[in-house]
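Examining the three-dimensional arrangement
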Amino acid sequence: MAAVTRLRRATSTVLAGVLGLALGGCAVTISGTPLAGEGVTVGDADTSILRGTDGGPIDQLAASALLDIRDYWEQTFEPTFDEPWTDLKAYHSVDTTDDSAPPPPCTEKASDVEGNAFYCPSGDIIAFDRSALLPVLVERYGEAGVVVVLAHEVGHAVHNRLGVTNEAQRAEPRLYPTIVLESMADCYAGSFLRWVADGKAAHLRIDTTQLDAALGSLVSFRDPVGTSSQDRGAHGNAFDRVSSFQDGFQQGPRFCSQITGENRPFTLREFTSLDDEARGGNLALEQLVTDITDDLDAFFGKLVQAQGGTWQAPELETDPGCSGDQGPVAFCPAKGAVALDPGDGDLVRLHQIGDYATGTLLASRYGLAALAALDKPAEGEDAGRAALCLAGAYTGDLLTRESGFGLSPGDLDEAVLLLLRFDYTVRDADGEAAGGSGFDRVTLFRGGTLEGVEACELG
C-alpha cells in the first residue's frame, strides 16, 4: 500500500486520539472562565470539489475549508517560493460506515480511512472520514477543528512540492525525521489560519479568540506521553505542535519551509526512570507542592537578586485573606504569602489535568511575588502577563537541567492544556485577568520558555 501522511501515528487512529487524549483532560470540571472561541463562520461552498460527497453539512464545511486553503496557496505559494502552485489531484470524502463505498487512492477499502484524515503523496490526494472523524471534531472543537486538520494535511502536500518528500526523508533522515514533517504541516496550517483571521478567505471567518478551538484540536493529536523525539513515527507533544502552528501564524510559510532536524528544537521526550513512568509522570498534589515550591524559591530568588532586588520566600498558607479571585492559587502582596486552594477545592480538580498544570499556576504566582520583590506592580494587565512569562522562563530552566528537579514527559502538555482552558495564570494580585485568548497565553508562556527572562520585559 502506498505511504500516506497522517495527522497521528498509524499505530492509533485519529478518532482514538480525539476521544481518548482530548477527553482525558476535557472531562475535568473546574470553576473559572475558559476562554475558548465559539468556532468559525462558514459560508456556502460548492461540494463538487469533493469526490464521494453526500453534499451534507459536514462536506459543506470541508469544501469551504479546502476551497479557501486552495485559494491561499494559489495566492501565496509562488510569491513565497518562486514556483507555481499545482493543486492536488483530488479530495475524497469517505463514508466509512458504507461497506460499498469506493475506496480512495492509496487504500484498499473505505474502512481503511476510518477515524482518519491523510495526505497520500503517491496519489497526491487527501482523504478524510466524514462519518467518524469530522463530526467528532465539530462536536469537540467546533468547525475550527475540521479547518485545522484539513489545513495540516494540505501542509504535507506543500512540503512535498518543495522537495521534502518521502525520498528526501529516507536520504536525509537527520534533516527530515517524521517529527519535522509534522512540524512543517502544523506550521503551514498556522500560516493559513492567519490569512483567514486577517479576513482574506472567501468562505471562512475566524478571529484570534476562536483560534483556541483550532489549537485544542491540534493538541488532541499529540503523541502518547513518553514518546521520544527520536521515535521514527514521532509527531510532537502539545507544546511542539502548538509552537509550530504559532510560528506559522506569526512568521509565515517561508519560515515553515526552513524547519529541519538541525535547527528545530523539540521538547518531546521519553521517560528517564521507571518510577516516573509508573506514575505517568505525575506527583500527588502534596508532593508536587512540597518539591516545586522549594525549587521555585531557589529559581526566583536568583532571578530577583540578579535584577538587584531582595527575595523573601513566600509563606504557604491556606487563607491569608487575599483580595480578588486569582483562582486555585493566589499571591497575597500584603502578607508576602501564596495561598493554596483558597476557594472550594478547585486546586485538587485542577491537578487532575496533570501535576504541571498545578506547577505552572504556582510558578505564575511566584512570578507575581518576584515582581513585588523588585518593587514592580503586582496589579494590572502587565503584571499578569509578566507573571505568566516568568512561569515560562522557569519552565525553560527546568528543560535545560540534566539532574535534580525537572520536567516529566507530559508536563508541557499539561501546561498547554491549562493555558488554553483557563485564565488563572494571567490574573494579577487583584484577581483581574489580562485580556486575550488561550492562544495569547500560550504565546506568552512560549516566549518565556524559549527565550528566558529577557522575554518578560521586566525592565
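Numbering of residues starts from 1 in every chain and runs along the sequence as written. Whole-chain, interface and lining totals are the exception, using all residues; otherwise, since this is a predicted model, local features are given only for residues with pLDDT of at least 70 and side-chain atom pairs are given and counted only at 80 or more. Derived side-chain values reflect all non-hydrogen atoms in the structure, with water molecules and hydrogen atoms excluded from consideration.

**Regarding the overall build of the protein**
How we decide: Helix and strand definitions here come from DSSP, where helices need a minimum of 4 consecutive H or I residues and strands a minimum of 2 consecutive E residues; each element is numbered from the N-terminal end. Each residue is placed in one exposure class: buried if its accessible area under a 1.4 Å probe, protein chains only, is under 20% of its type's maximum, exposed if it is over 50%, and partly exposed if it falls in between. Contacts are assigned to residue pairs with any non-hydrogen atoms lying within 4.5 Å of each other. The method behind every accessible area is Shrake-Rupley, applied with a 1.4 Å probe, and residues are considered shielded solely by the protein chains displayed.
When helices and strands are tallied, the protein shows 16 helices and 10 strands. Expressed as a percentage of the 459 residues in the protein, the buried residues total 59%. Here the analysis covers contacts within the protein between residues at least 6 apart in sequence; of these, 73% occur between residues at least 24 apart. On the protein, roughly 18000 Å² of surface is accessible, and the fraction owed to carbon and sulfur atoms is 47%.

**Some words on the confidence of the model for the protein**
What counts here: Per-residue confidence from the prediction method is given by pLDDT, with values spanning 0 to 100.
Summarising the model, the protein shows a mean pLDDT of 86, and 85% of its residues fall at 70 or more. Averaged over each element, pLDDT in the protein is lowest for helix H1 (residues 14-26) (28) and highest for helix H9 (residues 253-257) (98).

**Regarding the pairing of strand E5 (residues 117-120)**
Under the convention used in this document: A pair of strands is considered paired only if DSSP assigns at least 2 bridges between the two.
Every second residue of E5 is oriented toward a common face, with Ala 117 and Tyr 119 on one face and Phe 118 and Cys 120 on the other, all of them buried. Sheet topology places E5 next to strand E6 (residues 125-129); four bridges connect them, and they run antiparallel. Bridge pairing links Cys 120 to Ile 125 in E6. If you look at the hairpin formed by E5 and E6, you'll find four residues sitting between the two strands, and Asp 124 has a positive phi there, around 50 degrees.

**Description of the packing of aromatic side chains**
The condition is simple: Centres within 6.5 Å make a pair out of two Phe, Tyr or Trp rings, where for Trp the six-membered ring is used; the pair is then stacked when the planes are under 30 degrees apart, edge-to-face when over 60, and tilted otherwise.
For the structure on display, the rule yields 18 aromatic pairs. Between Phe 192 and Trp 195, the ring centres sit 6.0 Å apart and the planes meet at 35 degrees, which makes this aromatic pair tilted. Residue Phe 192 and its partner Trp 195 are both found in helix H6 (residues 178-197); the two are separated by three residues, about one turn of the helix. On the basis of relative accessibility, which here comes to 1%, the residue Phe 192 falls in the buried class. Since its relative accessible area comes to 7%, Trp 195 is described here as buried.

**Focus on the environment of Tyr 72**
For Tyr 72, the position within the fold is in helix H2 (residues 57-81). Residues contacting Tyr 72, with those up to four places away along its chain left out, are Ser 191, Phe 192, Trp 195 and Pro 253.

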